[in-house]
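# Notes for the structure review
Chain residues, written in single-letter form:
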Amino acid sequence: MKIAVYSAQPYDRRFLDEARQQHAAGVVDAVYLSDPLTLDTVPLAQGCAAVCVFVNDQLDAAVLQALHALGVRAVLLRCAGFNNVDLNAAARLGLFMARVPGYAPEAVAEHALALVMTLNRHTHRAYARVREGNFALDGLLGMTLHGKTVGIVGAGQIGTAAARIFKGLGCTVLVSDPAPAPQLDGVVTRVSLDQLLAASDIVSLHCPLLEATRHMINAASLARMKPGAMLVNTSRGALIDTAAVIEALKSRQLGALAIDVYEQEASLFFHDHSSDIIADDVFQRLMTFPNVLVTGHQGFFTVEAMREIAAVTFANLACHMNGAPCANLLPVSS
Ligand SMILES: NC(=O)c1ccc[n+]([C@@H]2O[C@H](COP(=O)([O-])OP(=O)(O)OC[C@H]3O[C@@H](n4cnc5c(N)ncnc54)[C@H](O)[C@@H]3O)[C@@H](O)[C@H]2O)c1
């Protein structure tokens, strides 16, 4: 079987090839495409019975229909989130749609911690200063995290890992989740979103992007936050209304922002734009704040997570090829 791998970076190729040698040598051929999947790039999957995609690839009804017409019968997401998939269209077309849930929740949770630590203690600024021979401490004042209150919005696999990390630092951990994980019983305090926003020094988002969670952080919810609190988003960009966040930063209601995801990231992230004029004025405004830290969707990016993503992707493909049950199917509705 031939599989077209969209949005393939050299590191994807390395880990996917490793897994293919181990799990599907001689059975699966991979065609690596640096282009993202869009309606325009569907024809690149000509001759392939499956495609493998990533977080910003388009999987709306038109793209799925075009892939199906080309003979594609399986779509393998090499990620956990599937907010970019039209589930109804996938069901209508009878496509095999599988993802990689919970491949390394600690990797993303640890990245959230890295963002908090960096932004709080200004290590990114200290690094640059010291290299220039500037050892002044002015502007580097942080807060001691021990004893602070951290609010985790969405305590699934990643949120649970994050809750344990912050608990380990001596923080009080609040959780808001309509279906909270029982393994956090006795470790965290369960509260409503409003209670969490009002009480937390740090709010970290770990829920999926759904219609119900789109822009859950907006002007109203920002106003309910503790003045000067830090907001962290390693989940999906559109959980946050970025324009409202900019206003809250300007008024100092929001004390600091750390994001690994951005609602318009598809045209920026995973590529080198250092010689381009970036046309996204909202993103560029964010870049002007000294209390904003942005990374380019790298929360998942550890050796362990990349290995697991590649291995599970080929295990999912094997289920499709052998007609075996697959635990990682998307919840497609008919
Ligand atoms: N930055 C990265 O590299 C990266 C990597 C992997 C996943 N992610 C993102 O992290 C998200 C979480 O991943 P996960 O593996 O922990 O998912 P998960 O399904 O294990 O957990 C999600 C949790 O969110 C909860 N939830 C749903 N709606 C909610 C709401 N309105 N308010 C509060 N909680 C709500 C669910 O009940 C569930 O417990 C993914 O959806 C994905 O978008 C980001």
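Reading the values: rules and limits
- Residues numbered from 1 in each chain as written.
- Predicted model: local features only at pLDDT ≥ 70, side-chain atom pairs only at ≥ 80, totals over all residues.
- Heavy atoms only, no water.
- UniProt positions renumbered as here; feature names shortened; annotations may be inferred.
- Pairing = 2+ DSSP bridges.
- Helix = DSSP H or I, 4+ residues; strand = E, 2+ residues; numbered from the N terminus.
- Axes fitted to C-alpha atoms, helices over the stretch in contact; angles between N-to-C directions.
- Contact = heavy atoms within 4.5 Å.

As recorded in an unreviewed UniProt entry, the chain goes by 2-hydroxyacid dehydrogenase and comes from Duganella violaceipulchra. What the UniProt record of the chain gives under Sequence similarities (unreviewed entry) is the line "Belongs to the D-isomer specific 2-hydroxyacid dehydrogenase family."

Right, let's talk about the sheet that holds strand β8 (residues 189-190) for a bit. Taken in spatial order, the seven strands of this open sheet run β8-β7-β6-β9-β10-β11-β12, and their pairing is parallel. Across the chains shown, the open sheet's two edge strands, defined by having one partner strand only, are β8 and β12 (292-294).

Taking strand neighbours across the sheet as the criterion, the five strands line up as β2-β1-β3-β4-β5 in an open arrangement whose pairing is parallel. At either end of the open sheet lies a strand with only one pairing partner, and these are β2 (29-32) and β5 (96-98). Across the sheet, the axes of successive neighbouring strands diverge by a mean angle of 20 degrees, strand direction being ignored. Pairing between strand β1 (residues 2-5) and strand β3 (residues 50-53): three bridges, direction parallel. Its bridge partner lying in β3, A4 is registered against V51. Packed onto the sheet, helix α11 (residues 303-322) meets β1, β3, β4 (74-77) and β5 and runs at close to 160 degrees relative to β4.

According to UniProt, the feature "domain: D-isomer specific 2-hydroxyacid dehydrogenase NAD-binding" (unreviewed entry) maps to residues 113-299 in the numbering used here. What you have in residues 113-299 is 31% helix and 16% strand, and the ends, taken at the C-alpha atoms, are 10 Å apart.

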